[in-house]
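Topology and contacts: notes
Each chain, letter by letter, is given below.
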Amino acid sequence: MSAVHETVARVHRAEWARIVAGLARRFGDLDVAEEAAAEAFATAVERWPADGVPPSPGAWLTTTATRKAIDRIRRESRRDDKQREARIVYDDDPPEPIGAVDDERLRLIFTCCHPALAMEARVALTLRMVGGLSMPEIARAFLVQEAAMGQRITRAKAKIKAARIPYRVPSAEDLPQRVSGVLAVLFLVFNEGYLATGAGTDPVRQDLTAEAVRLTRLIRGLLPDDGEVAGLLALMLLTEARRAARVSATGELVSLAEQDRGAWDAELIAEGHRLLRERLASGVAPGRYQLLAAINAVHTSAGDVRDTDWSQIVALYDHLLRLDPSPIVALNRAVAVAELDGPEVALAAVDRLEERLGGYHAFHATRADLLRRLGRSEQARAAYDRAIDLAGNTAETAYLRRRRDQLRP
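Before going further, it helps to examine the overall build of the chain. Regarding its fold elements, the chain presents 20 helices and zero strands. Across the 409 residues of the chain, 51% fall into the buried class. Long-range contacts, defined here as pairs at least 24 residues apart, represent 66% of the contacts in the chain between residues at least 6 apart.

Written as structure tokens, this is what we have:
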């Protein structure tokens, strides 16, 4: 790749969301915004090698994209209808002022994550319109055909238009609920990268985890006083900090207990801990993401697995269960209980979750490990087999097979 092409790629990552957001705000049409921005970057690839990179690449791209959008609208045979539709999406009657969060990029994110859209559509549309990922990249991330992903995004944009979803930040009273929806989308994007599903994909998708972190940083900058935004960013950073140690050279998942802690990213860990300390100093009760981040903070504070404060982790899970009484949280709590009270106590707690988690690979993997520790090898082997059948991550499957094969006859 030439230096100019590298520059275009770098500017694309930095400027895409800002340009698309500005065009969407001005013209009130996500299709127009996306296509005009894409055409502007394509023009840059064509012209910059000959003309040189302009002094202000972002301004050049914004001007070019705006001209492309105007040209397209002028070509439309139903221009009046287009303008009426634009006014509907633009919505000249904004909600009450909410100060610093009234930002163009934030408008775009909230539009893409509107609750009228299905969750999978929100994730895909956010990655495309805000993250600037290509259709093939998004399709690969979620293991669907490119055409199917294109249809999903097209339907989402059509739903925004048909439902007359305004291109704006929610009103002050609706903002907390809507922020929760945005964070849920970003959490799903991060988790897909952290433990990518499907046998045909990389076990860890750094492009997805990096994009989720980048977008969460954007939300953090726009909503600096929101505790759950800070909590989600801290959670992502403390998890991402361990990425280099999570998969072995042979492509096998490395458990937390077996990871080389010297390979963890100390800078990301320090930032995650700082975010949590700031939230603690605020005196506001923590939410779900802050508690998950706090659990990860305890893990990353231990220089050796034997130094882990398991009683603190169990206490944090107890608090989390009161906020989110889900079987997944209960399962993760049982893993910590095994370290504190022993595998037999933990196994009894895990077995109570079978009805709700019988189709979840981590349930069987957890059971298998507890049964192994109790010396019940035959039952452990059966549990490992079931976990392997259900697991979708290649590195995790390799890890489970090794653990199963190490069982005594």
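What follows is about the packing of aromatic side chains. Inspection of the entire model under this criterion finds four aromatic pairs. Considering the side-chain rings of Trp 16 and Phe 41, the 6.0 Å spacing of their centres and the 35° angle between planes classify their relative orientation as tilted. Of this pair, Trp 16 sits in helix 1 (residues 3-27) while Phe 41 is found in helix 2 (residues 30-51), placing the two residues 25 residues apart along the sequence. Across this residue pair, the class does not change: Trp 16 and Phe 41 are buried. Ring plane angle 15° and centroid distance 6.2 Å describe the contact between Phe 190 and Tyr 194, whose orientation is recorded as stacked. With Phe 190 and Tyr 194 both in helix 9 (residues 175-194), this residue pair falls four residues apart, about one helical turn. Look at Tyr 194 and you get partly exposed, because its relative accessible area is 24%. If you follow Arg 246 out to its NZ or CZ, it ends over the ring of Tyr 194, 3.8 Å from the centre.

Counting residues in each nonpolar core, the largest one holds 123 residues, and the members touching the most others are Leu 23, Leu 61, Leu 108, Leu 125, Ile 219, Leu 232 and Leu 400. Tallying contributions element by element places helix 1 first for this core, with ten residues. Excluding residues that lie within four positions of it along the chain, Leu 400 makes contacts with Ala 365, Tyr 384, Ala 387, Ile 388 and Ala 391.

A word on the packing of helix 14 (residues 310-323) against helix 15 (residues 327-341). As a packed pair, helix 14 and helix 15 sit with axes 9 Å apart at the nearest point and diverge in direction by 160°. On the basis of the axis angle, helix 14 is roughly antiparallel to helix 15. Judged by the sense of rotation from one axis to the other, the crossing of helix 14 with helix 15 is left-handed. Taking contact as the criterion, the partners of Trp 310, Ser 311, Ile 313, Val 314, Tyr 317, Asp 318, Leu 320 and Leu 321 in helix 14 are, on helix 15, Val 329, Ala 330, Asn 332, Arg 333, Ala 336, Val 337, Glu 339 and Leu 340. When its residues are assigned to classes, the contact of helix 14 with helix 15 shows eleven nonpolar, two polar and three charged.

Another aspect to go through is the environment of Leu 340. The residue Leu 340 is located in helix 15 in this model. Residues Leu 340 and Ser 311 lie 29 residues apart in sequence; the distance between their C-alpha atoms is 6.6 Å. Leave out the neighbours within four places in its chain, and Leu 340 touches Trp 310, Ser 311 and Val 314.

This part covers the layout of surface pockets. In this model, the second largest pocket occupies a volume close to 380 Å³. Taken together, 19 residues form the lining of the second largest pocket, with Leu 276, Leu 280, Ala 294, Ala 297 and Gln 312 sitting closest to its centre. Counting only elements with at least two residues in the lining of the second largest pocket, the list comes to helix 12 (266-282), helix 13 (288-301) and helix 14. A total of six residues in the lining of the second largest pocket trace back to one element, the largest contributor, which is helix 13.

Before going further, it helps to examine the state of the cysteines. The full count for this structure, using the stated rule, is zero disulfides. Cysteine Cys 113 shares no disulfide, and the gap to the nearest cysteine sulfur, in Cys 112, comes to 6.4 Å. Since its relative accessible area comes to 2%, Cys 113 is described here as buried.

The geometry of helix 2 relative to helix 3 (residues 57-75) is characterised by a closest axis approach of 8 Å and an angle of 125° between their N-to-C directions. Classified by the angle their axes make, helix 2 and helix 3 are oblique. Once helix 2 is placed against helix 3, the crossing between them reads as right-handed. Touching Asp 31, Val 32, Glu 35, Ala 36, Ala 37, Glu 39, Ala 40, Phe 41, Thr 43, Ala 44, Arg 47 and Trp 48 of helix 2 are Pro 57, Trp 60, Leu 61, Thr 64, Ala 65, Lys 68, Ala 69 and Arg 72, all from helix 3. Among the residues forming the contact of helix 2 with helix 3, the class breakdown is twelve nonpolar, two polar and six charged.

For helix 5 (residues 104-112), a buried count of seven out of nine residues is recorded, marking the element as mostly surrounded by other parts of the structure. Within helix 5, burial applies to Leu 106, Arg 107, Leu 108, Ile 109, Phe 110, Thr 111 and Cys 112.

Quick look at helix 13 now. For helix 13, with 14 residues, the first-to-last C-alpha span of 20 Å sits near the 20 Å given by 1.5 Å per residue. The buried count for helix 13 comes to twelve of 14 residues, which makes it a mostly enclosed element. Within the span of helix 13, buried status applies to Tyr 289, Gln 290, Leu 291, Leu 292, Ala 293, Ala 294, Ile 295, Asn 296, Ala 297, Val 298, His 299 and Thr 300.

Within the secondary structure, Thr 397 sits in helix 20 (residues 394-405). Look at Thr 397 and you get buried, because its relative accessible area is 9%. Setting aside residues no more than four positions away along its own chain, Thr 397 makes contact with Ile 388 and Ala 391.

What follows covers the environment of Ala 158. Considering the arrangement of structural elements, one finds Ala 158 in helix 8 (residues 146-162). Looking at Ala 158, the relative accessible area reads 44%, which means it is partly exposed. In this structure the C-alpha to C-alpha distance between Ala 158 and Leu 30, which are 128 residues apart in sequence, comes to 9.3 Å.

The rules behind these values
- Residues numbered from 1 in each chain as written.
- Predicted model: local features only at pLDDT ≥ 70, side-chain atom pairs only at ≥ 80, totals over all residues.
- Heavy atoms only, no water.
- Helix = DSSP H or I, 4+ residues; strand = E, 2+ residues; numbered from the N terminus.
- Buried < 20%, exposed > 50% of the residue type's maximum accessible area, 1.4 Å probe, protein only.
- Contact = heavy atoms within 4.5 Å.
- Phe/Tyr/Trp six-rings, centres within 6.5 Å; stacked < 30°, edge-to-face > 60°.
- Lys NZ or Arg CZ within 6 Å of the ring centre and 35° of its normal.
- Core = buried A, V, L, I, M, F, W, Y, C linked by side-chain atoms within 4.5 Å.
- Axes fitted to C-alpha atoms, helices over the stretch in contact; angles between N-to-C directions.
- Parallel < 35°, antiparallel > 145°, perpendicular 65-115°, else oblique.
- Left-handed = near helix turned anticlockwise from the far one by under 90°.
- Nonpolar A, V, L, I, M, F, W, Y, C, P; charged D, E, K, R; others polar.
- 1 Å grid on protein atoms, 1.4 Å probe; cavity = no way out; pocket = protein on both sides within 12 Å on 5 of 7 lines; lining within 4 Å.
- Points joined across faces, edges and corners; volume = space filled by probe spheres on them.
- Disulfide = S-S within 2.5 Å.
- Expected span 1.5 Å × (residues − 1).

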